[in-house]
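# Results of the structural survey
What follows is the residue order along each chain.
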2 protein chains.
Amino acid sequence: MSNFQVIKQHRQVRLGLLQTAHGKIQTPFFMPIATRGAVKYLHNDDFKLLGNQIILSNTYHLYLKPGLDVIKKAGGLHKFMNWQKPILTDSGGYQVFSLKHLRKINDQGVAFKSTYDGSNHFFSPKKVMEIQQILGSDIMMVLDECTPYPSTYEYAKASQELTTKWAKQCKQAKKKNKQLLFGIVQGSSYKELRLKSAKDLIKIGFDGYAIGGLAVGEPAKEMYKTLDVVCPELPEDKPRYLMGVGQPEQIVEAVKRGVDMFDCVLPTRNARHGYLYTNLKLSKSLKLTYKILRIRGEKYKKDLSPLDKTCQCATCTSGYSRSYIRHLFSVNEPLAMRLTTIHNLYFYLDLMRQIRKI
Amino acid sequence: MSNFQVIKQHRQVRLGLLQTAHGKIQTPFFMPIATRGAVKYLHNDDFKLLGNQIILSNTYHLYLKPGLDVIKKAGGLHKFMNWQKPILTDSGGYQVFSLKHLRKINDQGVAFKSTYDGSNHFFSPKKVMEIQQILGSDIMMVLDECTPYPSTYEYAKASQELTTKWAKQCKQAKKKNKQLLFGIVQGSSYKELRLKSAKDLIKIGFDGYAIGGLAVGEPAKEMYKTLDVVCPELPEDKPRYLMGVGQPEQIVEAVKRGVDMFDCVLPTRNARHGYLYTNLKLSKSLKLTYKILRIRGEKYKKDLSPLDKTCQCATCTSGYSRSYIRHLFSVNEPLAMRLTTIHNLYFYLDLMRQIRKI
């Protein structure tokens, strides 16, 4: 009856299989981000070559534009986006909280103004469930407060308690269908709060557990310390999702601590700015090395080699040179962003494939 | 020995075959524009699906960025762009003349300042030949002055004479290689000057003849009148190229008058602004009908049909709906421009395919 099986385990590293309404996903995996229903510069055909198993999309953005009526009419987000594989949606909480001056939080949820037209909206736990159920995502997230870093103990405690309360309300609002619902462990950098958060959420019972409030400005060591605290507390037969993380080495470190799922804007955002991940090497013991190439650099002006000779992505194997891609950036041609987005996402997805081969 | 054969002729309509250094091209044909070495938002793989036989690129832009040293190092424009099929390059004249306050013309050529860094440059007939020979385009264009509309007879006459003089110098500067060189008929709206221009160019002898200075603000009827004057004067065994034209109906009217080659920014530029060509119908007698769809329109908000049910392009046959594409435009997602560019170019290329089937 469980949607998740660990197939193989090396120390804390787990290789598993997650069953969703739109198919099975091999874990650990990385989710490219389709904020507004599209991964910037990419086409669905590109995903066939990239081989990603799932994408992440943002409830907050889709709720405001195109709006739920449009997605409902299309028959859900999969049909609207023309994407047949699994989708994870966040709850919208993260985006709403980052509005700062445009939102007001109370224990019922969060009121906010649309950045498009100033209209007033309210996200309650029940509401974000209704939205995600209309979107029809395979994996839904509970409404949480992503606790800012650093936070006082008092703030973090109240925030963790609120997240747990909302998580319970989300669970209660969930229809019986094939959609999975994940709880989110908060508690900032306080071990006690993290343990309490995990324990309370497990008691409510979710299909998976996310670890939130990390990669928000804290040192990497602190992130790893929190994972060392939280992961052993989480059920072995449920997937674990480290939200918004991160750099390749952070992903590897988290996998070593038993995390199964990742998402991050870094590969796509860096691609658009011309920062490229190259020379991926991952040993059987998960020792990772790689390089960052800044394609706008003068030294690549006449460099006829591909972005990365060791890379098998569609950009690197199709005859596009560093010289040409540098030129495309220098004249602001959209093809630059497209070729580099393909490359960087391939790097991340290939990293996950290599992890899954150990 | 001729590079061009008319295979079939219906009245003035010619179906032919143009041999270039990078393969044969069926005429009449349309050239998508890769101004800076890329068709905006498209990938070379897209061209396989679109089936375009040739692209056009701009000498002026490539000369300034990335610069000739870069393209020389790559082994020419084909290798630099990673495009193995034919390329036509303009002479750069059109772009330079449109700089207005940044250029000075004399009978030796035209001096201009770079819009990138203000540096000084000079395009002479010999220089634009040197550049295009480094680019290695399959079809090169002579340096010409695109006579503005309207022009006085005196201005148009001087301009036509200058273009003819430069054309001769270009021919003299041409190396013996497989690159083709086209002359450009000018003469504004003056029949006498157009005839003189054609006659003088034919005397010099070119691999093909372009008709320039049209689609520069004159009424369509005047364009057709000029074609009626010029086309009968041009050699039957050489291809004829109507530069910068145009709307689908203008292309059809020009084909009816014996034109073989076209280029225009309209399909790609209109795509980026959400104006889409749909419902192409072309009768055996070349009667054309089609519609323009403004995808940003409110009425498409929940329209789940493809952009054009009658269209076989990759966008219309892959499950992307009007509703989704409208959403992508409303949130400024690059995928919007990509999907619509594919659609509009397919329309133009399909129009040419249908013309070639009559």
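The rules we used
Going along each chain's sequence as written, the residues are numbered from 1 onward. Numbering of ligands from 1 and lettering of chains from A proceed in the order in which they are written. This being a predicted model, a pLDDT of at least 70 is required before a residue's local features are given, and a value of 80 or more before pairs of side-chain atoms are given or counted; all residues contribute to the totals for chains, interfaces and linings. Runs of E in the DSSP output that reach at least two residues are strands. Runs of H or I that reach at least four are helices, and both are numbered from the N terminus. Here the globule rule is a power law, 2.2 Å times the number of residues to the power 0.38, and the radius of gyration is based on C-alpha atoms. Partly exposed residues are those whose C-beta has more than 12 but fewer than 20 other C-beta atoms within 10 Å; with 20 or more the residue is buried, with 12 or fewer it is exposed, and the C-beta atoms are placed from the backbone. Throughout, a pair of residues is in contact if the C-beta atoms placed from their backbones lie within 7 Å. Asp, Glu, Lys and Arg are counted as charged, while Ala, Val, Leu, Ile, Met, Phe, Trp, Tyr, Cys and Pro are counted as nonpolar; the rest, among them Gly, fall into the polar class. Domain borders in the structure are assigned automatically or taken from a domain database. In this analysis, strands are considered paired if DSSP registers two or more bridges between them. Here an axis means a line fitted to C-alpha atoms, over the contact stretch when the element is a helix, while the angle between two N-to-C directions is reported on a 0 to 180 degree scale. Copy-to-copy superposition: least squares on the C-alpha atoms, limited to residues that have pLDDT of at least 70 in both copies. A set of buried Ala, Val, Leu, Ile, Met, Phe, Trp, Tyr and Cys residues, joined to one another through C-beta atoms within 7 Å, is what we call a nonpolar core. Residue-level confidence of the predictor is summarised by pLDDT, bounded by 0 at the bottom and 100 at the top. To estimate how far a helix should extend, the number of its residues minus one is multiplied by 1.5 Å. Taken from the helix axis, the directions to the C-beta atoms give the arc we talk about.

### Side note on the overall build of chain A
On a plain count of helices and strands, chain A comes out with 12 helices and 16 strands. Taken over C-alpha atoms, the radius of gyration comes to 20 Å for chain A, in line with the 21 Å a tight globule of 358 residues would show. Along the first, second and third principal axes, the C-alpha set of chain A runs to 60 × 50 × 40 Å. Classification of the 358 residues of chain A by burial places 53% in the buried group. Intrachain contacts of chain A at a sequence separation of at least 6 include 67% that bridge at least 24 residues.

### Overview of the interface of chain B and chain A
Taken residue by residue, the interface counts 31 residues in chain B and 31 residues in chain A. Looking at the side of chain B that touches chain A, the elements that each hand over two or more residues are helix H2 (59-74), helix H3 (77-81), helix H11 (322-330) and helix H12 (334-356) of chain B. Here the residues of the side of chain B that touches chain A sort into 14 nonpolar, 9 polar and 8 charged.

### Digging into the domain arrangement of chain A
All names here are of chain A. Domain boundaries in chain A define domain 1 (4-263) and domain 2 (275-346). Domain 1 and domain 2 are separated by 30 Å when their C-alpha centres are compared. Each side of the interface is counted separately: domain 1 has 12 residues, and domain 2 has 12 residues. Elements supplying a minimum of two residues to the side of domain 1 that touches domain 2: helix H1 (44-50) and helix H9 (248-256). The greatest single-element share of the side of domain 1 that touches domain 2, amounting to 5 residues, is contributed by H9. In the side of domain 1 that touches domain 2, the residues fall into 8 nonpolar, no polar and 4 charged.

### Comments concerning the sheet that holds strand S7 (residues 103-106) of chain A
All names here are of chain A. Strand order in the open sheet formed by 3 strands is S7-S8-S9, with antiparallel pairing between adjacent strands. Each of the sheet's edge strands pairs with one partner strand only, and the pair in question is S7 and strand S9 (120-123). Pairs of neighbouring strands in the sheet enclose a mean axial angle of 15°, with direction left out of account. In this sheet, strand S8 (residues 109-113) lies alongside S7 in antiparallel orientation, the contact comprising 4 bridges. Its bridge partner lying in S8, Arg103 is registered against Phe112.

### Re the relation of the copies chain B and chain A
Structural alignment of chain B on chain A gives an RMSD of 0.0 Å, achieved by rotating through 180° and translating 0.0 Å along the axis. What we have between these two chains is a two-fold relation. Interface overlap between copies is the fraction of interface residues in one copy that are interface residues in the other; for chain B against chain A it reaches 100%, indicating a shared surface.

### Section: the sheet that holds strand S7 (residues 103-106) of chain B
Residue and element names in this part refer to chain B. Judged by pairing direction, the sheet is antiparallel, and its 3 strands sit side by side in the order S7-S8-S9 without closing on themselves. Each edge of the sheet is formed by a strand with only one pairing partner; in this case those strands are S7 and strand S9 (120-123). For this sheet the average axis-to-axis angle between neighbouring strands, irrespective of direction, equals 15°.

### Focus: the nonpolar core
Where a protein is soluble and globular, its nonpolar side chains tend to be buried together. Among the nonpolar cores identified, the biggest contains 205 residues, and A:Phe182 and B:Phe182 are the most heavily contacted of them. If sequence neighbours within four positions are ignored, B:Phe182 has contacts with B:Ile139, B:Met141, B:Val142, B:Phe206, B:Asp207, B:Gly208, B:Tyr209, B:Ala210 and B:Tyr241.

### Some points on the environment of A:Phe123
Residue and element names in this part refer to chain A. Inspection of the secondary structure puts Phe123 in strand S9. The spatial distance from the C-alpha of Phe123 to the C-alpha of Tyr60 is 9.3 Å, given a sequence separation of 63 residues. Beyond its immediate sequence surroundings of up to four residues, Phe123 is in contact with Gly92, Gly93, Val96, Gly109, Val110, Val128 and Leu143.

### Comments concerning the pairing of strand S3 (residues 23-27) of chain B
Residue and element names in this part refer to chain B. Bridge analysis of strand S2 (residues 13-20) against S3 gives 5 bridges, and the strand direction is antiparallel. Paired with Leu18 across the bridge in S3 is Ile25. Linking S2 back to S3 in an antiparallel pair, the connection comprises 2 residues.

### Things to note about the confidence of the model for chain A
Averaged over every residue, the pLDDT of chain A is 96; the share at 70 or more is 100%. The complex model carries a pTM of 0.97, and its ipTM stands at 0.97.

### A few points about unusual backbone geometry
For the bond from A:Thr27 to A:Pro28, the omega torsion is 0°, close enough to zero to count as cis. Cis geometry is adopted by the peptide bond preceding A:Gly246, which originates at A:Val245 and carries an omega value of 5°. Residue placement: A:Gly246 occurs in the loop between strand S13 (240-242) and H9. Of note, the phi angle at B:Lys100 is positive, near 55°, even though the residue is not glycine. For B:Lys100, the position within the fold is in the loop between helix H4 (93-97) and S7. A positive phi is found at B:Ser188, a non-glycine position, where the angle reads about 50°. Turning to its location among the elements, B:Ser188 is positioned in the loop between strand S11 (180-185) and helix H7 (191-204). The exposure class assigned to B:Ser188 is buried, which follows from the 25 C-beta atoms found within 10 Å.

### With respect to helix H6 (residues 153-173) of chain B
Side chains that are three or four residues apart share a direction in an α-helix, a result of its 3.6 residues per turn. Residue and element names in this part refer to chain B. The terminal C-alpha atoms of H6 lie 30 Å apart, and with 21 residues this matches the ideal 30 Å at 1.5 Å per residue to within 8%. Within H6, the full set of buried residues consists of Ala156, Lys157, Ser159, Gln160, Thr163, Thr164, Trp166, Ala167, Gln169 and Cys170. If you follow the buried residues of H6, they end up packed against helix H5 (125-135), S11 and H7.

### Section: helix H8 (residues 220-230) of chain A
All names here are of chain A. Every buried residue belonging to H8 is among Met223, Thr226, Leu227, Val229 and Val230, and all of these are buried. On an axial view of H8, the arc spanned by its buried residues comes to 160°, and they lie on one face. The secondary structure elements touched by the buried residues of H8 are strand S11 (180-185), helix H7 (191-204), strand S12 (208-211) and H9.

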